[in-house]
Amino acid sequence: MLSFSTDPAVAERQMEALIFSLTTFGYIDGDFDEAERDLIRETIRGLVAHRVATGMPDATPEVADDLVRRFSTHFVEKFEQIDAHVSELFHEPVAKDEDRDTFVHAKLKQRCFELFEGFDTANQEALLEAVDELIRADGHLHPAELKFRAELAALLESHVDVDLLEEHTDSPRARFAPAASIPAGEDHPFFRNLEHHYSADPDTIQRQIDADLELAEQMIATLDRRRAEGAGKLDGVSTVRDLPVGARFLDGHTHVLMPREGRAYDLTILGDLHGCYSCLKGAVSQTRFFDKVAAYRAAPDTAPFPLLVFLGDYIDRGIFSLNGVLRTVMQIATRAPDHVVALRGNHEYYVEYKGQVFGGVRPAEAINSLKPHLPVEVFRQYMRLFEALPNVLLFDRTMFVHAGIPRDRLIKERWRDLSTLNDPDARFQMMWSDPSAASVIPAALQEQTARFPFGRLQFASFMQRIGCRALVRGHEKVTEGFATIYDDEHGQLMTVFSAGGATNEDLPPRSSYRKVTPMALRLTRSEDGETTFTPFAIDWESFNAPERNAFRERPPEIEHRLE
């Protein structure tokens, strides 16, 4: 039996690592039933009793029994939280051709690696021996368990070199302000004509789709024009520090906006919206985006420059995808093209196979709901729009992207300069990656699934490589709506998730996103260059009501379908 550390904090981490490992092995053999869960609960009680007996040998029987009872309750609750979290992984989006079990097993392996990596070698070996002892307790060793255990041990033995470049201190660390409470906004007339369901009548829906696709064509034309003007401007540019002050262009799929001296900037950033139209309308209304654009146009020399940044994942999950969120994003972008950057998310990814178009992420509710009502050419045109959307915005020393950074292998083999951000594989990977609690993620773990992790030092190295200090991303559901993942001398990484709401009727009743408090983020840059990040809760509730949202005046005519 494992000897627990006398340091309570370390002993707590040892218990968490053991509990997560036991839960993982329960899922790995593919048959995690209630009997196995009861066995884990009993095992936890045994581990707690062992910890109390070895850590407090002089405790009276009454004190020992009380400690065992209280700590057993605490760690059984931990197990049940872990079990619920793992169950939710089976509902996470995966790439179209990716096996869901493979994805879940890779996520479990990642978390085991993160937990074990925090211990020294002796502790890692002791924990693995304890796991071996415990998984043999039921008398059965499943081949999948043995394979998983061997792969985890190999990951812990692997060594990954991460080159941290020389630090540059020309850009100060951004400041985080406490979450703000922004009052509800007015129901701007801009939105009214956009708020109509797709009709089940063939002629009517075709007219509606034609109008939406006209918006898509306008958006593509604007992007194409800017690409032609900015083509090749990132070639030979090593870092953002080498870009001229005031530069603004679109090179390939990378937007660049380098602030002008003495000018203030006011950015509103929205993470994944996933068909939550009320969240989009709420955030745009709260920040008075249209008023800010009008003020800037009236006094460009004195008013702050407003910019609305979307991090992608406009569609799927929620009910108002193509006809709500995406339609409105396109309308705003075509109405104020200088003040909107709409990036591509991994859900804006359609593939064509044998004359049919499919969602590149499963489940793909938006296309699955509309396929019975529309010809395939409609989805080919949406596929063109998705391919045209940029992947990255570089603003000052901040990088905006849907998910994260590319894999180590691609960086080592292909990186030349900032133009590599336009590499097709790099663009795909930046729509799928997630930050990890580990310092470094080995290549074997990075390359198992389309959705892959990167570590803190890998992030730091990439930030130094491109000359940025911060990365703002979406992609990952965080129940708080906003989370600072990394914040140290090497860089800052934050996740913003803008879909959710406990009673938000834009989401199906059983959607896990209803557990999320949807948040948005403001980035303000003062005239003297100080950058401040301020998260704020989105007022979606005001726009769930029919008097402020015409979508709510009548039910949809087309069923929301998962498959």
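Use the structure listed above.
Residues numbered from 1 in each chain as written. Predicted model: local features only at pLDDT ≥ 70, side-chain atom pairs only at ≥ 80, totals over all residues. Heavy atoms only, no water.

**Q** Which residues make up helix α12 (residues 376-388), and what are the values?
**A** The end-to-end C-alpha distance of α12 is 19 Å, a good match for the 18 Å that 13 residues give at a rise of 1.5 Å each. By the burial criterion, the buried members of α12 are V378, F379, Y382, M383, L385, F386 and A388. Tucked inside the fold, the buried residues of α12 contact α7 (202-230), α10 (321-335), β8 (350-353), β9 (356-359) and α11 (365-370). (Helix = DSSP H or I, 4+ residues; strand = E, 2+ residues; numbered from the N terminus. Expected span 1.5 Å × (residues − 1). Buried < 20%, exposed > 50% of the residue type's maximum accessible area, 1.4 Å probe, protein only. Contact = heavy atoms within 4.5 Å.)

**Q** Please provide a residue-by-residue account of the sheet that holds strand β19 (residues 531-537), values included.
**A** The strands that make up a sheet pair up through hydrogen bonds in the backbone, lying either parallel or antiparallel. Here 6 strands make up an open sheet; going across it, the order is β2-β19-β18-β5-β6-β7 and the pairing mixed. With partners counted over all chains shown, the strands left at the sheet margins are β2 (175-176) and β7 (340-342), one partner each. As defined by bridge partners, strand β6 (residues 305-310) adjoins β7 across 3 bridges and the pair is classed as parallel. Its bridge partner lying in β7, F310 is registered against A342. (Pairing = 2+ DSSP bridges.)

**Q** So what's going on with the nonpolar core? Residues and values would help.
**A** Formed by 67 residues in total, the largest nonpolar core has its most connected members in L270, F310, Y314, L326, Y350, Y382 and L385. When residues of this core are traced back to their parent elements, those giving at least two are α7, α8 (277-286), α9 (289-298), β6, α10, β7, α11 and α12. The element best represented in this core is α7, accounting for 8 residues. Beyond its immediate chain neighbours, meaning those up to four positions away, Y314 contacts L273, H274, G275, S321, V325, L326, V329, A342, L343, E348 and L389. Listed in part, the 48 residues of the second largest apolar core include V86, L108, L127 and L445. (Core = buried A, V, L, I, M, F, W, Y, C linked by side-chain atoms within 4.5 Å.)

**Q** So what's going on with the layout of surface pockets? Residues and values would help.
**A** By volume, the largest pocket amounts to about 1100 Å³. At the level of secondary structure, the elements contributing two or more residues to the lining of the largest pocket comprise α1 (8-28), α3 (61-89), α4 (100-117), β13 (434-435) and β16 (482-488). The greatest single-element share of the lining of the largest pocket, amounting to 7 residues, is contributed by α3. Tallied by class, the residues present in the lining of the largest pocket amount to 12 nonpolar, 6 polar and 14 charged. Considering only enclosed or pocket space, the second largest pocket measures out at about 620 Å³ in volume. Classifying every residue of the lining of the second largest pocket by side-chain character gives 6 nonpolar, 5 polar and 11 charged. (1 Å grid on protein atoms, 1.4 Å probe; cavity = no way out; pocket = protein on both sides within 12 Å on 5 of 7 lines; lining within 4 Å. Points joined across faces, edges and corners; volume = space filled by probe spheres on them. Nonpolar A, V, L, I, M, F, W, Y, C, P; charged D, E, K, R; others polar.)

**Q** Break down the side chain of Q286 for me, citing the residues and quoting the values.
**A** With respect to the element layout, Q286 can be found in helix α8. A polar contact is formed between the side chain of Q286 and the backbone nitrogen of D539, at a distance of 2.8 Å. (Polar contact = N/O pair within 3.5 Å; in protein donor to acceptor, adjacent residues only side chain to side chain.)

**Q** So what's going on with the packing of α1 against α4? Which residues, and what values?
**A** Contact geometry of α1 with α4 gives a least axis separation of 10 Å together with a crossing angle of 160°. As far as their axial angle goes, α4 and α1 are roughly antiparallel. The hand of the α1/α4 crossing is left-handed. In this structure, α1 uses E16, A17, F20, S21, T24, Y27 and I28 to contact α4, whose residues at the interface are H105, L108, R111, C112, L115 and F116. For the contact of α1 with α4, a count of residues per class yields 8 nonpolar, 3 polar and 2 charged. (Axes fitted to C-alpha atoms, helices over the stretch in contact; angles between N-to-C directions. Parallel < 35°, antiparallel > 145°, perpendicular 65-115°, else oblique. Left-handed = near helix turned anticlockwise from the far one by under 90°.)

**Q** Can you lay out the side chain of Q14 for me, pointing to particular residues and giving the numbers?
**A** Secondary-structure assignment places Q14 in helix α1. Residue Q14 is classed as buried on the basis of its relative accessible area of 1%. Engagement of the side chain of Q14 in a polar contact is seen with the backbone nitrogen of S5, the distance being 2.9 Å.

**Q** Give me the environment of H74: which residues, what numbers.
**A** Turning to its location among the elements, H74 is positioned in helix α3. C-alpha of H74 to C-alpha of I44: the two residues are 30 residues apart in sequence and 10.0 Å apart in space.

**Q** Summarise the sheet that holds β16; cite the residues concerned and give the values.
**A** Reading across the sheet, the 7 strands line up as β3-β4-β11-β12-β15-β17-β16 and stay open at both edges, with mixed pairing between neighbours. Because the sheet does not close on itself, it has two edges, and the strands there are β3 (248-251) and β16. For this sheet, the mean angle separating the axes of adjacent strands, direction not counted, is 15°. In this sheet, strand β17 (residues 491-496) lies alongside strand β15 (residues 470-473) in parallel orientation, the contact comprising 4 bridges.

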